[in-house]
Amino acid sequence: MSKRQNTAEEEAGAIDLTPMLDVVFIMLIFFIVTATFIKEPGAEVVKPEATTAELKAASILVAINANDEIWIAKDKIDDRQVKTTLERLYAENPKGWLVIQPDKKASIEKIALVADAARKIGIEKVSVATEKS
């Protein structure tokens, strides 16, 4: 008789969903336990609008490779041309700042040469890009 009942249920298209519900509840518990929640500050803050906001100007990038070659704007620059090249780029973008990107093996003399040339033409913001250790 039980065999006949199973065939009647299969013919009607009945599917046992109990194993699927078990899997869904286990996944739900897993996601609730592993979720991280954002902590609200506790007070609602309305941020003021800026009427005089301006974008930061693009930087002047100078690269110094391991062979102590100075590269500015994708061009290899001689030591004597550093000041004039920086003057030209600074005139195009007077709000910009200088970022020196030296190689680990680059000499400190080349970095100082570029920084001194920048200070002489009036670039006050000079930074050296380094890697976090």
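Rules used in this analysis
Residues numbered from 1 in each chain as written. Predicted model: local features only at pLDDT ≥ 70, side-chain atom pairs only at ≥ 80, totals over all residues. Heavy atoms only, no water. Buried < 20%, exposed > 50% of the residue type's maximum accessible area, 1.4 Å probe, protein only. Helix = DSSP H or I, 4+ residues; strand = E, 2+ residues; numbered from the N terminus. Pairing = 2+ DSSP bridges. Core = buried A, V, L, I, M, F, W, Y, C linked by side-chain atoms within 4.5 Å. Contact = heavy atoms within 4.5 Å.

Caption draft 1: Focus on the pairing of strand β1 (residues 60–64). Residue alternation in β1 divides its side chains into a buried set, I60, V62 and I64, and an unburied set, L61 and A63. Alignment of β1 against strand β4 (residues 98–102), held across 5 bridges, turns out to be parallel. In the sheet register, I60 faces β4, and the bridge partner there is L98. Counting the residues between successive antiparallel strands, the hairpin from β1 to strand β2 (residues 70–72) contains 5 residues, one of them, D68, with a positive phi of roughly 60 degrees.

Caption draft 2: View of the nonpolar core. Core analysis: the largest hydrophobic core is formed by 19 residues, its most contacted members being L86, L98 and V114. Listing elements by their share of this core, those giving two or more residues are β1, β2, α3 (82–92), β4 and α4 (108–121). Sort the elements by how many residues they give to this core and α4 lands first, with 6 residues. Once residues lying within four places of it in the same chain are set aside, the contact partners of L98 are I60, V62, L86, V114, A118, I123, K125, V126 and S127.

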